[in-house]
Amino acid sequence: MNPEEHQRIRAASLLKVLANPIRIQIIQLLVEEGRLNVSFIQSHLKISQALTSTYLIKMADHGLLSSSRKGKAIYYDLADPVLVDIIKLLFRLPSLY
């Protein structure tokens, strides 16, 4: 696989992970607040902790988020600052409806 093809596959994978309103909301929250623990994210989103963790783990597995443990709490942060630019660009797009 050549480098360009690898880059296209990586971009498609990133877009698949982002193609979920809750995951976009998590990224927005991390952009606004910085490093956050699972409980704060779960409370803010008003969804179960299990579902929150599922979303966060998927995003971390795809390299979008980094995680660290402090005691019993797991904290998440953006792993790649380009996500900030992607989110800003998405919200500048005119509505399609």
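An account of the accompanying structure is given in this report. Small disclaimer: the values here were computed from a predicted structure and weren't measured.

**A word on the side chain of Arg-23**
Piece 1. The topology assignment puts Arg-23 in helix α2 (residues 21-33).
Piece 2. One buried charged residue, Arg-23, forms no salt bridge at all, with the nearest opposite charge on Asp-61 at 11 Å.
Piece 3. Side-chain polar atoms of Arg-23 contact the backbone oxygen of Val-17, separated by 3.0 Å.
Piece 4. Contact partners of Arg-23, with chain neighbours within four places excluded, come to Lys-16, Val-17, Tyr-55, Lys-58 and Met-59.

**Re the nonpolar core**
Soluble globular proteins tend to bury their nonpolar side chains together.
Piece 1. Counting residues in hydrophobic clusters, the biggest one holds 23 residues, and the most contacted among them are Ile-26, Ile-41, Leu-64 and Leu-65.
Piece 2. Going through the elements one at a time, α1 (3-18), α2, α3 (38-45), α4 (49-61), β3 (73-78) and α5 (82-92) are the ones with two or more residues in this core.
Piece 3. No other element matches α2, which puts five residues into this core.
Piece 4. Discounting residues that sit within four places of it in the chain, Ile-26 has contacts with Ile-41, Leu-45, Tyr-55, Leu-56 and Met-59.

**Overview of unusual backbone geometry**
Piece 1. You will see that Lys-46, though not glycine, has its phi angle at about 60°, which is positive.
Piece 2. Counting through the fold element by element, Lys-46 comes out in the loop between α3 and α4.
Piece 3. For Lys-46, a relative accessible area of 72% gives the class exposed.

**A closer look at the sheet that holds strand β1 (residues 36-37)**
Piece 1. Strand order in the open sheet formed by three strands is β1-β3-β2, and the pairing between neighbours is antiparallel. Looking at which strands have only one partner, the edges of the open sheet turn out to be β1 and β2 (65-70).
Piece 2. Looking at chain direction, β2 and β3 are connected through six bridges and run antiparallel. Its bridge partner being in β3, Leu-65 is matched across the sheet by Leu-78.

Calculation criteria
- Residues numbered from 1 in each chain as written.
- Predicted model: local features only at pLDDT ≥ 70, side-chain atom pairs only at ≥ 80, totals over all residues.
- Heavy atoms only, no water.
- Helix = DSSP H or I, 4+ residues; strand = E, 2+ residues; numbered from the N terminus.
- Buried < 20%, exposed > 50% of the residue type's maximum accessible area, 1.4 Å probe, protein only.
- Lys, Arg positive; Asp, Glu negative; His and termini not counted.
- Salt bridge = Lys/Arg side-chain N within 4 Å of Asp/Glu carboxyl O.
- Polar contact = N/O pair within 3.5 Å; in protein donor to acceptor, adjacent residues only side chain to side chain.
- Contact = heavy atoms within 4.5 Å.
- Core = buried A, V, L, I, M, F, W, Y, C linked by side-chain atoms within 4.5 Å.
- Pairing = 2+ DSSP bridges.

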